[in-house]
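The primary structure of each chain is shown beneath.
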Amino acid sequence: MINIGKKIALLTVVSVYGFANTNIDSIDIFTNRTFVNQQISLNKTSADLLGQVRLEDVRFKLEDGCQVINSNINHVPFQKDSLSNEIESLKDIISNKTNTIKSLKSNIAYLERTSITNISNAKNLEVTSSFLKKEILGSYNKIYKIQKELRKDNESLNKLLKKRVNTKFTKLDYDITCKKGSEVTISYPIYNISRNGFYDINYDSSKKSIDIKNSSFITQSTGVDFKNIDISFYTYNFVHQLKPNIFRPQYLDIYKPRPVAYAQEAEVMMDSMVSKKMVRSKGSAPRPTFAYVESTTKSFFKASNINLPSGKKTEVVFSKDNYKANDSLEIDGYSQSQAFFKVEFKSKKLYGILNSKLYLDGTYIGRNNINEIKKDKKSSIFFGTNRFIDVKKELVKDMKEEPFFSMNTLKTQKVWTYKITNNHKKVQKLTLVERLPISKHEDIKVKLIGKTKETKLDKNGKIYYNFELKPNETKEIEFGYEIEKPANK
């Protein structure tokens, strides 16, 4: 058993996984697609690509003076590379141990069936019985030890299988003419990289500041360890459409038009927004860095000097930002009438929609998908309810569609009162949000009848009451509306 363990360790050390002709420069991660950028040598005529790639999906990024004369691809199965050999060797070891267990169990079954009733000599009976017990116990102990080894072997096998999920790689043959000193990079889609991205958002109420950490756990299963690469993270989908749809006149007719099938726009790979001319350190490995990049029409997060070992989940940090913020409480009177802790701030970056882990003063609040945070515009994030605010809502008037002056007009009135108490030890800023029905017909009239004057009323019927409460202070707000409409509406 010891020799087998040494063999596995040796295989792990010397594994190169058969990709000596692969130089990954960077990857571009969109929410729906991932692309890899790979440098190819002009001193060679072929390169190994990760996974099974179509020739039409390969894009050559050529400098001036370069031209692709010819290119071709072949999909080659993994056979004699070190990772395949390591997997097959470990499978053989697991198979041998499994068969050994079966043999030991068969031997135990045979010994347990062995009859000793025909042995008349007491001494011989005692010796035989002792021998059988010893053999059976020894077999069970061997099975136990081998099963422990098998669990570890299967864990090792699963780790190896996660290193590379595809069974074939792509051999790209090319003929490129270039001036001396030129570099050639190819770009193509890759499907064996997974990402679980999220924001860590913490609001410090004492400092009135909000921290936003943008990171992703990335797992790549190509069989190649990525070293010192750049990762560009786009918080939106890779979109095929690059121009508006064709304008077509709209005709009115008594016949329904037949559906027209439009050809899908040809897929065009977007250019890399940042040219990479990074000098690799010959000494210690460069430390990971991150940046926020804006181009003419897009923005993205970029992490540099990143190592992504194959088959391992790796956290990659794309940004860490801090902004000044203000907090208040918002009561959803139109729904559950609870006071939610609201934080408002203005960001210097564009953050896409992403799942977020929320912390308030370092305490974990929960997870939630936040809306897109726009650059240089006020954004708000909610951090759960404030239990120190007591909200009581009561319907004090409910008049339903009674005739008004004549039988041709109906009137509805609803009035609520809110009693809001601050049980906190400090002053709180609050906003009560209610909903006013919106008329979509000129004969339907809606008006506010509550005694409390609103702070703001939006066109969509969202109405705001802003106020402050001192500790142990209670405020009463009356909100109501009246609807008049014709009886036949």
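Residue numbers here run from 1 along each chain, matching the order of that chain's written sequence. Confidence filtering applies because this is a predicted model: local features only for residues at pLDDT of at least 70, side-chain atom pairs given and counted only at 80 or more, and all residues used for totals across whole chains, interfaces and linings. As a convention, hydrogens and water are excluded, and side-chain values are obtained from all of the structure's heavy atoms.

**With respect to the overall build of the protein**
- Going along the chain from the N terminus, every DSSP run of H or I of four or more residues is numbered as a helix, and every run of E of two or more is numbered as a strand. Helix and strand content of the protein: three helices and 24 strands.
- Exposure is judged per residue with a 1.4 Å probe applied to protein chains only, and the accessible area is read against the type maximum: over 50% gives exposed, under 20% gives buried, and values in between give partly exposed. Burial status across the protein gives 39% buried among its 489 residues.
- Residue contacts follow a heavy-atom distance rule, with two residues in contact if any of their heavy atoms lie within 4.5 Å. In the protein, the share of contacts with a sequence separation of at least 24, taken over all contacts with a separation of at least 6, comes to 75%.
- To be clear on the numbers: accessible area is Shrake-Rupley with a 1.4 Å probe, and residue cover counts the displayed protein chains and nothing else. Summed over all atoms, the accessible surface of the protein reaches about 30,600 Å², with 50% contributed by carbon and sulfur.

**Some thoughts on the environment of Glu484**
- Looking at the secondary structure, you find Glu484 in strand β24 (residues 474-486).
- As for Glu484 and Leu410, which are separated by 74 residues in sequence, their C-alpha atoms are 5.7 Å apart.

**Details of the pattern of salt bridges**
- Here a salt bridge means any side-chain nitrogen of Lys or Arg lying within 4 Å of a carboxyl oxygen belonging to Asp or Glu. Applying the stated criterion across every chain, the model contains 21 salt bridges.
- Note that Arg54 and Asp57 form a salt bridge whose closest N and O atoms lie 2.9 Å from each other.
- Residue classification places Arg54 among the partly exposed positions, given a relative accessible area of 47%.
- Between Lys411 and Glu482 there is a salt bridge, with its nearest N and O atoms 3.9 Å apart. Of this pair, Lys411 sits in strand β19 (residues 406-422) while Glu482 sits in strand β24; the two residues are 71 residues apart in sequence, bridging distant segments of the chain.
- The exposure class assigned to Glu482 is buried, which follows from its relative accessible area of 7%.
- Residues joined in a network through salt bridges with shared partners are Arg54, Glu56 and Asp57.

**With respect to the layout of surface pockets**
- Think of a 1 Å grid over the protein atoms and nothing else: a 1.4 Å probe that fits but is trapped marks a cavity, an open set flanked by protein within 12 Å on at least five of seven lines marks a pocket, and residues with an atom within 4 Å of a point count as lining. Grid points are joined across faces, edges and corners, and a volume is the space filled by probe spheres set on the points. Quantified by volume, the second largest pocket comes out at close to 370 Å³.
- At the level of elements, β14 (339-346), β16 (363-370) and β17 (378-385) are the ones that each hand at least two residues to the lining of the second largest pocket.
- For the lining of the second largest pocket, the element with the most residues is β17, which contributes seven residues.
- Each residue gets one label: Ala, Val, Leu, Ile, Met, Phe, Trp, Tyr, Cys and Pro are nonpolar, Asp, Glu, Lys and Arg are charged, and the others, such as Gly, are polar. Taken together, the residues of the lining of the second largest pocket break down into seven nonpolar, seven polar and four charged.

**Considering the nonpolar core**
- Residues Ile210, Ile231, Phe383 and Ile420 are the most contacted members of the largest nonpolar core, which totals 70 residues.
- Examining the composition of this core, we find that six residues originate from one element, strand β13 (residues 313-332), more than from any other.
- Apart from the residues lying within four places of it in its own chain, the contact partners of Ile420 are Ile331, Ile389, Asp390, Val391, Leu430, Phe467, Leu469, Glu473, Thr474, Lys475 and Ile477.
- The definition of a nonpolar core used throughout is a set of buried Ala, Val, Leu, Ile, Met, Phe, Trp, Tyr and Cys residues joined through side-chain atoms within 4.5 Å. The next biggest cluster of nonpolar side chains, apart from the first, holds 16 residues, and it includes Ile93, Ile101, Leu111 and Leu150.

**Here we look at the side chain of Ser299**
- With respect to the secondary-structure elements, Ser299 resides in strand β12 (residues 299-308).
- Residues adjacent in sequence count toward polar contacts only when both atoms are side-chain atoms; beyond that, a polar contact is any pair of N or O atoms within 3.5 Å, and within protein one must be able to donate a hydrogen and the other to accept it. A polar contact of 3.3 Å, which involves the side chain of Ser299, links it to the side chain of Tyr292.

**So, the sheet that holds strand β3 (residues 46-49)**
- Here, a strand pair is defined by DSSP locating no fewer than two bridges between the strands. Reading across from one edge, β3-β6-β5 is the order of the three strands in this open sheet, with antiparallel pairing throughout. Each edge of the open sheet is held by one strand with a lone partner, namely β3 and β5 (67-77). On average, each strand axis in the sheet is tilted by 25° relative to the strand beside it, whichever way the strands run.
- Bridging between β3 and strand β6 (residues 168-177) involves four bridges; their strand directions are antiparallel. Pairing of Ser46 across the sheet is with Asp173, part of β6. Axes, fitted as lines to C-alpha atoms, cover a helix only where it is in contact. Angles between the N-to-C directions of the axes lie from 0 to 180 degrees.

**Side note on the state of the cysteines**
- When the sulfur atoms of two cysteines come within 2.5 Å, that pair is taken as a disulfide. In total, this model carries one disulfide according to the counting rule given.
- Disulfide pairing places Cys66 opposite Cys178 at an S-S distance of 1.7 Å. Handedness here is read from the sign of the S-S torsion; for Cys66 and Cys178, about 120°, the answer is right-handed. Remark: Cys178 occurs in the loop between β6 and β7 (184-189) and Cys66 occurs in the loop between β4 (59-61) and β5; sequence separation between them is 112 residues.
- Take Cys66: its relative accessible area is 13%, and that puts it in the buried class.

**Side note on a positive patch on the surface**
- Only residues whose relative accessible area exceeds 30% and that form no salt bridge enter a patch; like-charged residues are grouped when within 9 Å of one another, and nonpolar side chains (Val, Leu, Ile, Met, Phe, Trp, Tyr) when within 5 Å. Residues scored as charged are limited to Lys and Arg (positive) and Asp and Glu (negative), so that His and the chain ends carry no count. Each charge is placed at NZ for Lys, CZ for Arg, CG for Asp and CD for Glu. Residues Lys159, Lys162, Lys312 and Lys313 make up a contiguous surface patch of positive charge.
- The topology assignment puts Lys312 in the loop between β12 and β13.

**Topic: the confidence of the model for the protein**
- One confidence number per residue, pLDDT, is output by the predictor and ranges from 0 to 100. When pLDDT is averaged along the protein, the result is 84, and 84% of the positions lie at 70 or above.
- Scored below 50 in pLDDT, residues 259-282 makes 42 contacts in the model with residues more than four places away or belonging to other chains.

**Considerations on unusual backbone geometry**
- Here the phi dihedral of Asn305 falls at roughly 60°; this positive angle occurs in a residue that is not glycine.
- When you line up the elements, Asn305 lands in strand β12.
- The exposure class of Asn305 is buried, given its relative accessible area of 10%.
- Positive phi, normally seen in glycine, also occurs at Asp361, with a value near 55°.
- With respect to the element layout, Asp361 can be found in the loop between β15 (354-360) and β16.

**Regarding the packing of aromatic side chains**
- Side-chain rings of Phe, Tyr and Trp (the six-membered ring for Trp) are treated as a pair once their centres are within 6.5 Å; stacked means planes under 30 degrees apart, edge-to-face means over 60, and tilted covers the remaining angles. Tallying each qualifying case throughout the model produces 21 aromatic pairs.
- Measuring from ring centre to ring centre gives 4.2 Å for Phe30 and Tyr234, while their planes differ by 5°; the resulting arrangement is stacked. Taken together, the residues Phe30 in the loop between β1 (23-29) and β2 (34-40) and Tyr234 in the loop between β10 (226-233) and β11 (289-294) connect sequence positions 204 residues apart.
- For Phe30, a relative accessible area of 4% translates into the label buried.
- Judged by relative accessible area, Tyr234 falls into the buried class, the value being 2%.

**Quick word on the environment of Lys102**
- Tracing the backbone through its elements, the reader meets Lys102 in helix α2 (residues 82-113).
- When the C-alpha atoms of Lys102 and Ile143 are compared, they prove to be 9.0 Å apart, with 41 residues separating the residues in sequence.

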